[in-house]
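Examining the three-dimensional arrangement
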Amino acid sequence: MEIERELYQALTEILMRAKDKFIERKSEEMKTSWWKEAVVYQIYPRSFMDSNGDGIGDLQGIISRLDYLKKLGIDVIWMSPVYQSPNDDNGYDISDYRAIMEEFGTMEDFDELLDRAHEKGLKIVMDLVVNHTSDEHRWFVESRKGKGNSYGDYYIWRDGKEDGSAPNNWGACFGGSAWKFDEERGQYYLHLFSEKQPDLNWDNPAVRREVFDMMNWWCRKGIDGFRMDVISMISKTKDMPDGKLKGLYGDYSPYCVHGPKVHEYLQEMNREVLSKYDLMTVGETAGVTPSQACLYAGNDTHELNMVFQFEHVDVHGKYGKWNSVRMPLTKLKEILSRWQRELAGKAWNSLFWDNHDQPRAVSRFGNDDPKWRVLSAKMLATCLHMMQGTPYIYQGEELGMTNYPFHGPEDFHDIESIHAYEEWCRSGIVSHEEFWPCITKVSRDNARTPMQWDDSEQAGFTKGTPWMPVNPNYREINAQAALKDPDSVFYYYQKLISLRKRYPVIVHGEYKLLLADSEELFVYERALGNKKLLVVCSFADKETRFEMPEDFAGGECLISNYPEPGKDGKLQPYEAFVILM
Ligand code: TEU
Ligand code: CA
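For the structure given in this document, a descriptive report is provided here. Predicted model, so just to flag it, every value in this text is computed and none were measured.

**Details of the coordination of the calcium ion (ligand 2)**
Looking at the calcium ion (ligand 2), the protein donor atoms are Asp 50 (OD), Asn 52 (OD1), Asp 54 (OD), Ile 56 (O) and Asp 58 (OD), and they sit 2.2 to 2.3 Å from it. Every donor residue of the calcium ion (ligand 2) comes from the same chain, spaced as D-x1-N-x1-D-x1-I-x1-D. What makes Asp 54 partly exposed here is its relative accessible area of 35%.

**A few points about the site of ligand 1**
Lining the immediate surroundings of ligand 1 are 16 residues, of which Asp 89, Asp 229, Asp 357, Glu 416 and Arg 444 lie closest. Contacts to ligand 1 include Lys 321, whose side-chain N or O atom sits 3.1 Å from an oxygen atom. Arg 444 places a side-chain nitrogen or oxygen 2.7 Å from an oxygen atom of ligand 1. Looking at the shell around ligand 1, its residues break down into four nonpolar, three polar and nine charged.

**So, the sheet that holds strand 7 (residues 179-182)**
Reading across the sheet, the three strands line up as 6-8-7 and stay open at both edges, with antiparallel pairing between neighbours. Both edges of this open sheet fall to strand 6 (157-158) and strand 7, since each of them pairs with a single strand only. Sheet analysis places strand 6 next to strand 8 (residues 187-190), joined by two bridges and oriented antiparallel. Note that in strand 8 the partner of Trp 157 across the bridge is Tyr 189.

**A word on the pattern of salt bridges**
Side-chain pairing between opposite charges can occur once the charged atoms of the two side chains come close. Applying the stated criterion to the full structure yields 33 salt bridges. Across the pair Arg 144 and Asp 182 runs a salt bridge, and its minimum N-O distance is 2.9 Å. Of this pair, Arg 144 sits in the loop between helix 6 (138-143) and strand 6 while Asp 182 sits in strand 7, placing them 38 residues apart in sequence. Asp 414 is the salt-bridge partner of Arg 448, the closest N and O atoms lying 3.5 Å from each other. In this pair, Arg 448 is assigned in helix 16 (residues 445-448) and Asp 414 in the loop between strand 15 (390-394) and helix 14 (415-426), connecting sequence segments 34 residues apart. Comparing Arg 448 with Asp 414 shows no difference in burial state: the two are buried. By sharing partners, the salt bridges in this structure join Asp 89, Lys 321, Asp 357, Asp 414, Glu 416, Arg 444 and Arg 448 into a single network.

**Focus on empty space enclosed by the protein**
Inspection of the entire model under this criterion finds four cavities of 30 Å³ or more. In this structure, the largest cavity spans a volume of roughly 80 Å³. Residue lining of the largest cavity: Gln 309, His 312, Leu 336, Trp 339, Gln 340, Asn 349, Ser 350, Leu 351, Phe 352, Leu 384 and Met 387, and that is the complete set. Contributions of two or more residues to the lining of the largest cavity are made by helix 11 (329-343) and strand 14 (350-351). The greatest single-element share of the lining of the largest cavity, amounting to three residues, is contributed by helix 11. Of the residues contributing to the lining of the largest cavity, the split by class is six nonpolar, five polar and no charged. Along the walls of the second largest cavity sit Trp 353, Asp 354, Arg 360, Ala 361, Val 362, Ala 377, Leu 380, Ala 381, Glu 397, Gly 400, Met 401 and Tyr 493, which together make up its complete lining. Among the elements of the structure, helix 12 (361-364) and helix 13 (373-385) are those that each provide at least two residues to the lining of the second largest cavity. Among the elements that make up the lining of the second largest cavity, the one with the highest residue count is helix 13 (three residues).

**Structural notes on helix 7 (residues 205-221)**
Given a rise of 1.5 Å per residue, 17 residues ought to cover 24 Å, and the 25 Å separating the end C-alpha atoms of helix 7 matches this to within 8%. The set of residues buried in helix 7 consists of Val 207, Arg 208, Val 211, Phe 212, Met 214, Met 215, Asn 216, Trp 218 and Cys 219. Residues of helix 7 that are buried sit in contact with strand 3 (83-84), strand 4 (96-100), helix 5 (107-119), strand 5 (123-128), strand 9 (225-228) and helix 9 (262-272). Near the N-terminus of helix 7, the side chain that reaches the backbone nitrogen of Ala 206, with its oxygen 2.9 Å away, is that of Asn 204.

**A look at the packing of helix 5 against helix 7**
Contact geometry for helix 5 and helix 7: axes closest at 11 Å, N-to-C directions at 55°. Viewed along their axes, helix 5 and helix 7 adopt a mutual orientation that is oblique. Of helix 7, the residues touching helix 5 (which contributes Met 107, Phe 110, Asp 111 and Leu 114) are Trp 217, Trp 218 and Lys 221. Classifying every residue of the contact of helix 5 with helix 7 gives five nonpolar, no polar and two charged.

**Describing helix 9**
Turning to helix 9, its buried residues are Val 262, Tyr 265, Leu 266, Glu 268, Met 269 and Asn 270. Where the residues of helix 9 are buried, they touch strand 5, helix 7, strand 9 and helix 10 (290-296).

**Focus: the pairing of strand 17 (residues 521-528)**
Most of strand 17 is tucked away, with six of its eight residues classed as buried. Pairing between strand 16 (residues 510-514) and strand 17: five bridges, direction antiparallel. Opposite Leu 514, over in strand 17, you have Val 523 as the bridge partner. Turn length for the strand 16-strand 17 hairpin, with the two strands adjacent in sequence and antiparallel, is six residues, and the turn residue Leu 515 shows positive phi of about 50°. Across eight bridges, strand 17 lies against strand 18 (residues 531-538) in antiparallel orientation. Within the sheet, the bridge partner assigned to Phe 522 lies in strand 18 and is Cys 537. Counted between consecutive antiparallel strands, the loop separating strand 17 from strand 18 contains two residues, among which Gly 529 sits at a positive phi close to 55°.

Conventions we followed
Residues numbered from 1 in each chain as written. Chains lettered and ligands numbered in written order. Predicted model: local features only at pLDDT ≥ 70, side-chain atom pairs only at ≥ 80, totals over all residues. Heavy atoms only, no water. Donors = N, O, S within 2.8 Å, 3.2 Å for Na, K, Ca; no water. Buried < 20%, exposed > 50% of the residue type's maximum accessible area, 1.4 Å probe, protein only. Near = heavy atom within 4 Å. Polar contact = N/O pair within 3.5 Å; in protein donor to acceptor, adjacent residues only side chain to side chain. Nonpolar A, V, L, I, M, F, W, Y, C, P; charged D, E, K, R; others polar. Pairing = 2+ DSSP bridges. Helix = DSSP H or I, 4+ residues; strand = E, 2+ residues; numbered from the N terminus. Salt bridge = Lys/Arg side-chain N within 4 Å of Asp/Glu carboxyl O. 1 Å grid on protein atoms, 1.4 Å probe; cavity = no way out; pocket = protein on both sides within 12 Å on 5 of 7 lines; lining within 4 Å. Points joined across faces, edges and corners; volume = space filled by probe spheres on them. Expected span 1.5 Å × (residues − 1). Contact = heavy atoms within 4.5 Å. Axes fitted to C-alpha atoms, helices over the stretch in contact; angles between N-to-C directions. Parallel < 35°, antiparallel > 145°, perpendicular 65-115°, else oblique.

Interpretation note: all reported values are geometric properties and have no functional meaning in isolation.
Written out as structure tokens, the structure reads:
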């Protein structure tokens, strides 16, 4: 009897150990990081494809265009928010995290999208907006009823000052004070964005539990990851003193961005949710430095896979972000190269020129004059896609879609642009003439005009009236035309993506900047084992001189936007090519 029992115990132990080993190995395998090799395509659902003629893009619309995305060769779709929302900020104000926005369809449509995408080998990454909810979310509706109830502490409530004014001088991202007095509760609540986006109180463990439960619920559905909206802002300091004046209001960022417990909360999220699935995670972390990124997305910090940094798109002038100044190329190269260098071996970069909050890449960094649009769009794509990191393509970028020709402030749909015009112009701080070129250059609406599918009425985006006008250049710039033209920006992206799949040096190679002082050329090398890559991009609208480095003589040209790359020691306007040795 005794022997049998011992034998039984020994056997169970061996089995348990084998099982542990198996799980360990499995999770090691999962760490193979498919997201490092992947290319992500961002969809702004409202403007992507309308299936039912109400003028608003929707989930069935996305389903109908999956083959187009498959053809492009991308691996992952990140969708801007599709949850129930009153749309004060186009879905970034969520009133129910477990329901689909009625205008976009139903949960059945979502499940169908997920299945269809998976069948085609495409992954779906959801936008996770949990710094704030909508003021119409049930939690907030309960919370504003009073301190006593179980949601009382879900948001950041404060009493006003003696004289009844706001607790401090902080300004909100979309204008006005960051505090709103709530009559019902008799207190102020904090909203770093619009007043319909109250900030959640992450210091309350019940809030974190709710968020993690909701995330687990989506993961069990089978989604493939999260892009986390302003995730660097979830932890606020206990003290909330006045901030340094920036225009009319004080700056909240020292107290709300990369706050005291942000890493603790992300590690908890990783333990409670992320580590249990094979996901891709990317945090939106405005103001992040490379050393902070190594904490958010370090190889072994157990938080996120990567973050979005914004240094290369942040140009601040007299009127804050509203200016038409182009960043000098030397500065742009310094920023991107520093990120390449400082994350190497420690964390992972995400690479992007634009997204739904930024102007169109070709208009900002290239040249959207019809003469140079295609060439410069291809050049920008080369420059970005050959770097180390995961590239993100924003819908329409693969067609070289451009900024919108706004006529007047009545053209704005975006809450940020509308409020900015109010705050700077109508208030008389700056004249319309001076402000207009600034706001139109960087307005988020530039990115949000409907996707241009063909040259039919409304660019084939809708059979009805689009919620936002189509860019009038859709007759020349559209997907149908691009698919017919072997020289199109679309096929150039397709080729860049397939190169990334074929040459590990593009994904993993070490980065080295050449010609750092040139204001015209962006040239760098990548190296892995005995393979070397030379990437040459001209940002100039005229011919420039370029000596091919000797060690690349006789190399193979992988891709170029002119037929004879680097001919006669010269580069043509916006010329780009890649040489493999
Ligand atoms: O953006 C946050 C952010 O910090 C900025 O990019 C901001 O939108 C603006 O451009 C500042 O000038 C995220 C989302 O991407 C954005 O669409 C939302 O409006 C915002 O959060 C609030 O959820
Ligand atoms: Ca629709």
